[in-house]
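# Fold and geometry: a report
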Amino acid sequence: MLIIAQNDRPKSNDAAERAAVPQPEHERRCATSSGIPVEPFYLPDERTTKHDAEKIGLPGEYPYTRGIYPRMYREKLWTMRQYAGFGTPEQTNRRLRYLWKQGQNGLSLAFDLPTQIGYDPDHPLARAEVGKVGVSVCSLLDMETLLRGIPLQKVSTSITINAPAPILLAMYIAAAEKRGISADELSGTIQNDILKEFIARGTAVFPPEPSMRLVTDTLEYCTRFVPRFKPISISGYHMREAGANAVQEVAFAFSNAIAYVNDAVSRGLAVDRFAPNLTFFFSAHSHFFEEIAKFRAARRLWARMMRERFRAQDPRSCQLRFHTQTAGSTLTAEQADNNIARVAIQALSAVLGGTQSLHTNAKDEAIGLPTEASARTALRIQQIIAFESGTADSADPLAGSYYIESLTDEIERRAMEYIGKIDAMGGAVQAAKDGYMQQEIRREAYAAQLAFERGERIIVGVNRYRCADDRKPAKLRIGADMAKAQAESVARLRLRRDSNETVAALAKLDEAARRNENIVPAIIAAVKSYATIGEMCDVLRGVFGEYASTEVRL
Amino acid sequence: MTAEPIRVLIAKPGLDGHDRGALIVAQGLKDAGMEVIYSGLRKTPGQIAEIAVREKVDCVGLSCLSGAHMELFPEVVQALRQKKAHDMIVIGGGIIPEDDIPHLREAGIAAVFLPGTTIETVASFIRDKVRPLAAGRRSG
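Report follows, based on the coordinates.

Procedures and definitions
- Residues numbered from 1 in each chain as written.
- Chains lettered and ligands numbered in written order.
- Predicted model: local features only at pLDDT ≥ 70, side-chain atom pairs only at ≥ 80, totals over all residues.
- Helix = DSSP H or I, 4+ residues; strand = E, 2+ residues; numbered from the N terminus.
- Rg over C-alpha atoms; globule rule 2.2 N^0.38 Å.
- Buried ≥ 20, exposed ≤ 12 C-beta atoms within 10 Å, placed from the backbone.
- Contact = placed C-beta atoms within 7 Å.
- Expected span 1.5 Å × (residues − 1).
- Pairing = 2+ DSSP bridges.
- Right-handed = clockwise from strand over helix to strand, strands pointing away.
- Axes fitted to C-alpha atoms, helices over the stretch in contact; angles between N-to-C directions.
- Nonpolar A, V, L, I, M, F, W, Y, C, P; charged D, E, K, R; others polar.
- Core = buried A, V, L, I, M, F, W, Y, C linked by C-beta atoms within 7 Å.

### What to know about the overall build of chain B
Summing up its helical and strand segments, chain B has five helices and five strands in all. Ordered by position from N to C terminus, the α and β elements of chain B give β-α-β-α-β-α-β-α-β-α. A globule of 140 residues ought to have a C-alpha radius of gyration of about 14 Å, and chain B, at 14 Å, matches this closely. Dimensions of chain B along its principal axes, counting C-alpha atoms only, are 40 × 30 × 25 Å. For chain B, buried positions account for 54% of its 140 residues. For chain B, restricting intrachain contacts to residue pairs at least 6 apart in sequence, the fraction spanning at least 24 positions comes to 72%.

### Here we look at the overall build of chain A
Counting its regular elements, chain A contains 23 helices and ten strands. The principal-axis extent of the C-alpha atoms belonging to chain A is close to 80 × 60 × 55 Å. Residue burial in chain A is summarised as follows: out of 554 residues, 52% are buried. Look at the contacts in chain A between residues 6 or more apart in sequence, and 77% of them connect residues 24 or more apart.

### Brief notes about helix α14 (residues 288-309) of chain A
Residues and elements named next belong to chain A. Between its first and last C-alpha, α14 extends 31 Å over 22 residues, near the 32 Å set by a 1.5 Å rise per residue. With respect to burial, α14 is a largely interior element, 16 of its 22 residues being buried. One or two residues past the end of α14 sits Arg311, with phi positive at roughly 55°.

### A look at the pairing of strand β1 (residues 79-84) of chain A
Successive side chains on a regular strand alternate, one facing one side of the sheet and the next facing the other. All names here are of chain A. Bridging between β1 and strand β9 (residues 357-359) involves two bridges; their strand directions are parallel. Its bridge partner lying in β9, Met80 is registered against Leu358. Sheet analysis places β1 next to strand β2 (residues 106-109), joined by four bridges and oriented parallel. Residue Tyr83 lies in a different strand from β2, and its bridge partner there is Ser108. Crossover handedness for the path β1 to helix α5 (residues 89-101) to β2: right-handed.

### Concerning the sheet that holds strand β5 (residues 111-113) of chain B
Sheet architecture is open: six strands sit in the order β10(A)-β2(B)-β1(B)-β3(B)-β4(B)-β5(B), paired in mixed fashion. The open sheet is flanked by β10 (552-553) of chain A together with β5 of chain B, the only strands paired with a single partner. With two bridges connecting them, β10 of chain A and strand β2 (residues 35-38) of chain B associate as antiparallel partners. Across the sheet, residue Val552 of chain A finds its bridge partner in β2 of chain B, namely Tyr38 of chain B. Of the strands in this sheet, β1 (7-11), β2 and β3 (59-64) of chain B touch helix α2 (residues 45-54) of chain B, which is tilted by about 165° from β1 of chain B. Strand contacts of helix α3 (residues 69-82) of chain B: β3 and β4 (89-94) of chain B, with the helix running at about 165° to β4 of chain B, the strand carrying the most contacts.

### A look at the interface of chain A and chain B
With 35 residues of chain A at the contact, the number on the chain B side is 36 residues. At the level of elements, α6 (113-117), α19 (436-453) and β10 of chain A are the ones that each hand at least two residues to the side of chain A that touches chain B. A per-element tally of the side of chain A that touches chain B places α19 of chain A first, with five residues. Taken together, the residues of the side of chain A that touches chain B sort by class into 18 nonpolar, eight polar and nine charged.

### As for helix α1 (residues 20-31) of chain B
Residues and elements named next belong to chain B. In this model, α1 (twelve residues) spans 16 Å end to end at C-alpha, consistent with the 16 Å of a helix rising 1.5 Å per residue. Summarising burial for α1: ten of the twelve residues are buried, a large majority. Where α1 terminates, the next one or two residues include Gly33, which has phi positive at roughly 100°.

### A look at the sheet that holds strand β7 (residues 278-284) of chain A
Ordered in space as β5-β4-β3-β2-β1-β9-β8-β7-β6 (chain A), the nine strands form an open sheet in which the pairing is parallel. Only two strands of the sheet have a single partner each, and these edge strands are β5 (229-230) and β6 (232-235) of chain A.

### Some remarks on the nonpolar core
Grouped together as the largest cluster of nonpolar side chains are 200 residues, with contacts concentrated most on Val250 and Ile523 of chain A together with Val60 and Val76 of chain B. Counting residues per element, this core draws most heavily on helix α12 (residues 246-266) of chain A, at twelve residues. Excluding residues that lie within four positions of it along the chain, Val76 of chain B makes contacts with Pro13, Pro45, Ile48, Ala49, Val60, Leu62 and Val90 of chain B.

Everything listed here is a matter of geometry and, on its own, says nothing about what the molecule does.
Put into structure tokens, the structure is as follows:
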């Protein structure tokens, strides 16, 4: 545990200060993942109680600390949305239909790395990666196969794609149109958050400035023509997975959000026109109470920022909507069944924190891709919380807990400090280029590893309570034949399509990329001509240049 | 016996963007007294071999969490052999199913470290393997 100096105590909690007696030598010292000291017990804070209404308020009312809807899950449960995808579009289509039949009410598409980085499956860099961490989708044809039999008017689909986000969005729109479903009937979310790719997730393709342009082009296009689609999911999750603590997760995600909002506003979009469609994506990590407080603090911080900083008038602009995923980095390869308990605790914090949708990890994710059985158990965790635990019956049930309110205040205060620092550096784009967030995250990750190695951070089954033969083999394997099958499929497509039309569409895409205009219509036209993702990204790489991660000497 | 520090290249082959583990190991080995170079993301086996030879490292540590290790790790070993870098040891880590390890060992990967490994385990493995080699090479 961290050693906490007296003057690091939460300043907003005078009563807790009074309650804190000198700590006996033998007792453990406690702090959250962000280093917020945890008192032996909490008392009401006199200053807080006076401002309760303003700070905590009611569910569904500004500043939304207690949730964005007055009746929360009584009215509508969170969306159970399991991220899924592997292999060919046919294979993933079968998994999606299976999950749909098991009671999952939102889809979430995981793409393989070649798709995420804009290479066709027959590209030399793609060969070893096709179908491994997600489904391989390189053309409209693949997207049509992937979505076969799925009612696109009824389902909301989350599309995890960043650098080539406008291309995958265009494929989704075009696949729907071919089935007679128009763009304004589609609902879902596209991740489209490039800054965290530079900071933590590692799939940036283009340099920062053109990358930001693609983000805002997509946001602008959705705002005008695909109004039910959330054009961005600003993600703290991947930064947390890379090592950030809870405060950094919120602060860095919001700093990135500020950059996106500024960029959209500079295009002449009024903040209230697009802000109601902004969504966020957070992690549910291990420190149960800190996580609940983090979600509450994030909601209040966002509401205040939208109203005070961006002058939003529409209440929906101030409501923080977010997806949550349990923390993959907390899962262990040893005694993998233990992960079910970890995921259940993390998922419970997300529900107590008022999430709008949730992915629960499968127990075998530290070993490989989840099997059908482990994916089902992961979904069942959410269903047990929803239907058996009673947690969904009353909004923000932990409101008024001295501990939770104190942590909520402290996370908000510390996150605001970070946001101020990043503002002073010139904002998130500049700070990310300078490597500021990267450094902060690395330092936290390394400190966590050292604490684990010293035995101060206990991981059950790994540095305590080990037993023999506790690793299980991975069951689901993606064979090398996958790359061959997908490479052959794209080769056939190139022969079958009208190549004159494709060449012309790619030339128009090149022109649009060079001009100061929204690029999405040119991408939709290229997608409809069955241009591949590799061909389209090559055009964009030609115009924008390529982002390269560089070698460093430590 | 020379006091020259052990030189290590930590590299990310393929398209995988997860670098938390690679960066922790890189920092940890540096703190354990080694000279460490980190390749950055998205390197081909050929590029990794090139850096390794240019930097005259004693050990190459590969990290992959995308499931492409069975193809990419052996390709790095082959690329090093083509460059006649026979005495560099190659180790790997990431999300790697246990039943893949024998195959990787056969392909020339000296050790595979799974999640939960301590930095000290990796550091002492490298020291044990590299010291005799390095001593022989540098005196000869």
